[in-house]
Every structure is written in C-alpha cells, then in structure tokens.
Amino acid sequence: MSANLQYILDERQQVCETCGRSFKPKGFDSHRRACERRTRDSEEDAEQWASIPAMSIPSQAVVPALTIQAAHDDGQAWQDYDYDHDNGHNPHNADIDMSSDHSEPEAPGHTMDDIRTEFHPHARIATRVEAFSDFTRHHHYELPRPECQPWLPFGCQLDFEVADRTEDFTLTNYADVRNMWEAASHRLTPDTITVLLGDKDMEYTVYFRPLWEWAVDLLRHPIIGPHCVFDAQRLSKFDGDSFVWFIDEPWTADAFWECQSQMPPDAKPLAFILYADKAKLSSFGREKGYPVIARLANLPVAIRNGNGVGGGRVVGWLPLIKDDPKHRAVWHTAFKKVLASIVPPSTSGQWANCWDNIARLFYTLVLILSVDYEEQAIMSLTRGVMSNFPCPICLIPEDQLSSIMPHNYPLRTSQATSTLLIEARAEHRKGRREAILKSQAIRDVDNAFHDMNHKTTDVHRALSHDRLHIDILGFFGDHMWSELQLLIGLLGRDKVAQVDENFDALPHWRNLIHFDAVMAITFTDGSKYEVIFKLLTFAAHAVLPNAGESKLAYLLLRCIRAYLEVDRYAALELMDRYIKKSEAVRPDKSWSFPKKHLVAHLFDDIMAKGATRNYNTMPNEKCHGPLKASYQYRTNFKDVAPQILRADHWSLVSKFIRG
C-alpha cells in the first residue's frame, strides 16, 4: 500500500554517538544505554574469538556458514517477527531427513553438505547445486523508492501518528479520525445467510474479507511480494555418498509439487493456510468470537508466522451456533462466503499483477487446515469422537484407536465422501439413508470445501497434525501429565516434593518459563505445558528408578521422553506396554481416543506439507490476543463483532502505511 514511512526531522531530536541514529528526547537515555551495552558485548565477543587459536581445515572440507537470513536490514517485511515457539528452534520441528527413502547415489565431484535444488518441470528452471556456505533463501531485490506522502489519505504525518495511537485525540472531531481510517481501505463485509433448520428459515450474520483480494494485496506489496515462492522445489543435501532429500517449507514437500502438476504449465499455485476456532473474548468466557485466520503458504515461515503485514490475517467472523449436529449446515454455509472469491480461480485460474508488474496466472487451493480436532470434525463433516469412525482422515474403527501403528485403514477423500452423499440422498427410506452415512460416519450436509477444485483441494488431506492441541495440550496435558502426577503421588509426598525441588533447581533460561513447583498444576496454557513437557524428563528421572513401586511411573516417563524426541513409532510401542501393565492399577483409564491415533498421520503430514511449524495452531492462537484487547478497550460490549473487526482492520491499514 505504501513504502517506508519518512519521518520529519525535529530540532529537539538527539543523535546517539554510538549508532549515529537520531531520537526524540523521550526514551533517548534508555536507547543510549542499550546501544552502548550491545557495542560493549560485540567488542567482548570479538576479543574472545580472537583468542581462539586457528584450526587447520582440510582442503576438501567446507566450513558451513549460516546464510539463511531472518531479516532484511532495510525492509519492514520481517520487522514484527516475534514468533518463537515453533519456528525452527525446536527439535520437534527441525527439517525432516527422509534419508532411508529419498537418497540416491551420486557421482564424485560434490563436496560434503552441498545443497541441490530441483525445481518443478513447469518452472523451466535447471537443477542447481550450491555449496552450503553459498546456499541462501534470502531474496535480493531492489527496495522500492519511498513515497513522499505514505500517510495518505491522512493530511499529514502527525494526523496519522496520532490517529494510529489513540481514537480519543480529535483532528477536528472523532468523526474525522474515523472517516480517515475508513478512506484508507475497505474492511470486512457483513452478509446475511439463511439456513433451513427443521421447518424454519434461520438468519445469521457472517463477516468476511475476499481471500483473493487479500492475497493479491500481498503479491503486489513491494517488500512482501518478492519473498513469495511460486514453484515447487525439492531440496537435498550431500552426505558424502548421496544427496538426501530434506523438507521444511510447504513448497519443498509433496502436496505442493502434486498440485502444481495438476495445473497448466504456465500457472502458479496460490496456496492458503486457514484456521478457525472459537475465541474467548471476555475474562470468564461469556463473550466469544469465531475468527477465521488466513496465511499465505507461498511466503517463508518467518514472514508467514510473524505479526507483520505478511502474517496471519482475520478474513472471516463466523456466527456462533449451538454445538448441535443440526447446525453444521450453518457453519458450512457461512464458510462458503469466506471461500467464495477463491472458488472460481481454483478451477479456471485468474491473472494478477505482482510486485514486479508482471501478470501471473494463479490457481488457488487450500493446502493446509490448521485446526483442533473439534474443528476438524466440523470441517470434514464427520460425526466426532462418539462415532464408529472418529478419525477425520482415515476410516479406523473406534475400538482400534489405541492400537500400535502403522495401520492400513483406507484414507478418506472428498470425492469418496461426495459419492457417498449422492448414494445416501438417492435412498428414500430414512433408516437406510442413515445407515449409508453411518458406514463412514458422515453427516448429510454440503461441505463448503467441495466447491473447490477437488484435484488440488481435499479437505481430508488439508487437515493437519495440530502439535499444540494433540501433543502438548491433548496427549501430554490431558493424559500423560495427569497420569504421571497420580503415579508419583502414590509413591509418597517426599517424591512429589523432590520433583518440585528439581524443577526449582533448573537454571533460568531466556524464553523458558521457570517453575518453582509443578506437581500441583492441573490446568494451564499450552506454552507452560510445553515447558513442563520439555523439562520433565530431567527433573523426574532421578526420582523414579526402574525398580520396585516406581517401575510403572518410570515406564511412563520413558514414553514421555520418546514423544519429546519425536520418535513416534518407538513412543507408541512403549505406550502399548504401559497401557497393558497399568490396567491392574488404572482399570478405569481409557487410552482409546482420537488424539492418540492422530499421531499416526504425522509423518504423512510432514511428507505432504513440510515441518509441523507450517500447520501448528500456536501462531494462530496468538492472534486471539489482539482480538481480546480490542474487545476490552475498543468496544461498548454490545454487538462487538463489527467493532472488533474494525479495530483489527485499522491495525492492518496502519501496518501497510508504515511499510
């Protein structure tokens, strides 16, 4: 929408002698101290490096150098990036090495750690091999010339700065401020849908922003646009004998490659990541909202999972309905409004001018649905946890959910589900129709995702492993943690106290929550459960020897450690042993639940859509925070949806103006 904001120099500004930048008097002292501290630390680091003796390196070796940059010094595209939970800093989500299945012998002439990039045939780009030190995904491009007046339609920079910080300041009056924001761009559009429930037509209001227009805004953005990747790639690393395929971003995995193969040679995939979940807006959860958040899968994870212009954006606000199967039709009718703008381009394509003023033909698809199990059941129109086939991805029977994987149950597909619906609706007898639907635990509702091109968008394949709700909050928080608390409690108060003391003794680390005690924690948020999950093995292993009364708790701790290492197959084998041995102690404990089984699809998701950071719900859950703040401070607590969405939209406009 505009380039970097040009600030007007002020005579009162002071210049920092260390970095040479100018600042207003307010806050200058704190910047100067921080700047001096950073300079001092850099000098100390340089002295330490200088004191290390040089190492002799063989001529054949290559010293790896980190060249993948996390920010551009001059641009703002990466400025708001503060995503830290699942962005490559976690061993669970490191690049996936599938060496057993995707390595191939290579002729001599390559150096250890060389990176090979193969492009999709439609890209018409030759395969290239680069030294690890030369490999980079940083996009080199010429920054756009700053606009003279990026604050337009505001009259001057001061008007924009004040309006961006508070609504209480009046340029002339409040109406002038509001009108300026409204003139800057168009916000979400409200619409009314009518759904037949029983014998009554019920009306609901849904808010949506056309997904196509939002995506085109990003494609045209002079700083965000150049980072988009439109062609599928396969990356592999030379291990001395062969090139081994590795996966991280969505375009390096199978689904992106297969979708591009279904398109005309000159077309490019425009892939969306969608998230939907109810959000508690008030402190006690009495007021709720139902946002739909979109991300563009063509952008790198650091931009896509960040908080800037290229990050997640609220593109819809669904009506809150009763948790009743009869109301599934309301959800899908409302969601059709959100998808409406990308349905035609999914089958026939649509041209769009990008940042470089080149028109490209895009075919749209929903690559990833990042949602919890409850929303997975709604999106796939399966009958949920109490049905005979609870999994929204495959047709595993309910009584087999706790079995050891791998399994060979057939996968669900959108095309098979549509065929089943046609067969059921052709049956005039209600009992027979219901029996056909129950044979695959499907509801008799038109699925919104079936309007998309079924060759590139399959709702069952788009549903992805939700690490936050399945692993951390689900399997660990609801089951493993409570089970271990019980077993340690049976060993005596001294064992409980010793675990708490060990947690308290763990050193403080940056970005790691420190606990004084954990054994009394029965409910907390995902970030705290994640830290307990990481540290529990270190704090409890000395308390639980593999002998005597603690033998069962020790076996469960081994299961937790195996899950922590993402050694899923070994974890489930250990889990099966624990389930059998604990039946005498906990006969009432059931381990047959969908979230335990969903882990079986994790590796399929990684192969199809990349590392779990691409579809973890944690970045989307963080988007609830600004919505809650808008509810608390920028609404009158009546008819809150349009007020919250207006505040969210003004925030987006502000980010575009700031560049």
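Draft legend 1. A look at the state of the cysteines. One pass over the full model with this rule turns up zero disulfides. Considering cysteine sulfurs only, Cys354 is the nearest to Cys228, which forms no disulfide, with 7.7 Å between them. Given a relative accessible area of 7%, Cys228 falls into the buried group.

Draft legend 2. Summary view of a negative patch on the surface. Residues Asp41, Glu43, Glu44, Asp45 and Glu47 make up a contiguous surface patch of negative charge. As for its position among the elements, Glu43 is in helix 1 (residues 28-51). You can call Glu43 partly exposed: its relative accessible area is 48%.

Draft legend 3. Representation of helix 16 (residues 551-564) within the structure. Between its terminal C-alpha atoms helix 16 stretches 20 Å, which fits the 20 Å expected from 14 residues at 1.5 Å a residue. The buried count for helix 16 comes to ten of 14 residues, which makes it a mostly enclosed element. All of the buried residues along helix 16 are Leu552, Ala553, Leu555, Leu556, Leu557, Cys559, Ile560, Ala562, Tyr563 and Leu564.

Draft legend 4. A look at the pattern of salt bridges. Counting across every chain of the model gives 19 salt bridges. Between Asp266 and Arg124 there is a salt bridge, and its shortest N-O distance comes to 3.3 Å. Taken as a pair, Asp266 in the loop between helix 5 (254-261) and strand 11 (267-276) and Arg124 in the loop between strand 5 (115-119) and strand 6 (128-130) lie far apart in primary sequence, 142 residues in all. Each member of the pair, Asp266 as well as Arg124, is classed as exposed.

Draft legend 5. Fine view of the nonpolar core. Residues Leu211, Trp331 and Leu339 are the most contacted members of the largest nonpolar core, which totals 52 residues. Top element by residues in this core is helix 4 (residues 211-220). It accounts for seven residues. Ignoring anything within four residues of it in the chain, the contact list for Leu339 reads Leu211, Leu274, Val366, Ala448 and Phe449.

Draft legend 6. Seen up close, the packing of aromatic side chains. Counted according to the given criterion, the structure contains eight aromatic pairs. Pairing Trp331 with Phe335 gives two aromatic rings, centres 4.7 Å apart and planes at 5°, and the pair type is stacked. With Trp331 and Phe335 both in helix 7 (residues 328-339), this residue pair falls four residues apart, about one helical turn. Taken individually, Trp331 and Phe335 each receive the classification buried, so the pair is uniform in this respect. Each ring, one from Tyr631 and one from Phe637, has its centre 5.2 Å from the other, and the planes form 75°; the classification is edge-to-face. Among the aromatic residues, those joined into a cluster by ring pairs are Phe230, Trp355 and Phe362. Sitting above the plane of the Trp245 ring, Arg234 keeps its charged end 5.7 Å from the centroid.

Draft legend 7. Up close: the side chain of Asn614. Its location among the elements puts Asn614 in the loop between helix 19 (602-609) and helix 20 (618-622). Among the polar contacts listed, one links the side chain of Asn614 to the side chain of Arg304, at a separation of 2.6 Å. Once you skip the residues sitting within four places of it in the chain, Asn614 turns out to touch Asp248, Glu249, Pro250, Ile273, Val301, Arg304, Ile368 and Lys609.

Draft legend 8. Summary view of the side chain of Thr457. As for its placement among the helices and strands, Thr457 is situated in the loop between helix 11 (430-438) and helix 12 (459-462). Residues within four places of Thr457 in sequence aside, it is in contact with Leu365, Val366 and Met452.

Draft legend 9. A look at the pairing of strand 14 (residues 291-296). Counted residue by residue, strand 14 has six buried out of six residues, so it is predominantly covered. What you see with strand 14 is no split at all: Pro291, Ile293 and Arg295 on one side and Val292, Ala294 and Leu296 on the other are buried throughout. The pairing of strand 11 with strand 14 spans five bridges and is antiparallel. Bridged to Ile273 within strand 14 is Arg295. In this sheet, strand 15 (residues 313-317) lies alongside strand 14 in antiparallel orientation, the contact comprising four bridges. Bridge pairing in strand 15 places Ala294 opposite Arg313.

Draft legend 10. Quick look at a positive patch on the surface. Together, Arg21, Arg33, Arg37, Arg38 and Arg40 make up a region of like positive charge exposed at the surface. With respect to the secondary-structure elements, Arg21 resides in the loop between strand 1 (14-15) and strand 2 (22-23). Looking at Arg21, the relative accessible area reads 51%, which means it is exposed.

Draft legend 11. Here's a closer look at the environment of Thr194. Residue position: Thr194 is located in strand 7 (residues 189-197). Taking the relative accessible area as the measure of exposure, Thr194 reaches 47% and is therefore partly exposed. Along the chain, Thr194 and Thr333 lie 139 residues apart, while their C-alpha atoms are 8.5 Å from each other. The contacts of Thr194, once residues within four sequence positions are left out, are Asp201, Met202 and Glu203.

Draft legend 12. Quick peek at the packing of helix 13 (residues 467-490) against helix 15 (residues 526-540). Interaxial distance between helix 13 and helix 15 falls to 10 Å at its minimum, and their mutual angle equals 60°. As summarised for this structure, helix 13 and helix 15 are arranged oblique, according to the angle between their axes. Judged by the sense of rotation from one axis to the other, the crossing of helix 13 with helix 15 is left-handed. Of helix 15, the residues touching helix 13 (which contributes Arg467, Leu468, Ile472, Leu473, Phe476, Gly477, Trp481 and Leu484) are Gly526, Tyr529, Glu530, Ile532, Phe533 and Leu536. For the contact of helix 13 with helix 15, a count of residues per class yields ten nonpolar, two polar and two charged.

Conventions used here
- Residues numbered from 1 in each chain as written.
- Predicted model: local features only at pLDDT ≥ 70, side-chain atom pairs only at ≥ 80, totals over all residues.
- Heavy atoms only, no water.
- Disulfide = S-S within 2.5 Å.
- Buried < 20%, exposed > 50% of the residue type's maximum accessible area, 1.4 Å probe, protein only.
- Patch = residues over 30% accessible without salt bridge, like charges linked within 9 Å, V, L, I, M, F, W, Y side chains within 5 Å.
- Areas by Shrake-Rupley, 256 points an atom, 1.4 Å probe, with all protein chains shown as cover.
- Salt bridge = Lys/Arg side-chain N within 4 Å of Asp/Glu carboxyl O.
- Lys, Arg positive; Asp, Glu negative; His and termini not counted.
- Charge placed at Lys NZ, Arg CZ, Asp CG, Glu CD.
- Helix = DSSP H or I, 4+ residues; strand = E, 2+ residues; numbered from the N terminus.
- Expected span 1.5 Å × (residues − 1).
- Core = buried A, V, L, I, M, F, W, Y, C linked by side-chain atoms within 4.5 Å.
- Contact = heavy atoms within 4.5 Å.
- Phe/Tyr/Trp six-rings, centres within 6.5 Å; stacked < 30°, edge-to-face > 60°.
- Lys NZ or Arg CZ within 6 Å of the ring centre and 35° of its normal.
- Polar contact = N/O pair within 3.5 Å; in protein donor to acceptor, adjacent residues only side chain to side chain.
- Pairing = 2+ DSSP bridges.
- Axes fitted to C-alpha atoms, helices over the stretch in contact; angles between N-to-C directions.
- Parallel < 35°, antiparallel > 145°, perpendicular 65-115°, else oblique.
- Left-handed = near helix turned anticlockwise from the far one by under 90°.
- Nonpolar A, V, L, I, M, F, W, Y, C, P; charged D, E, K, R; others polar.

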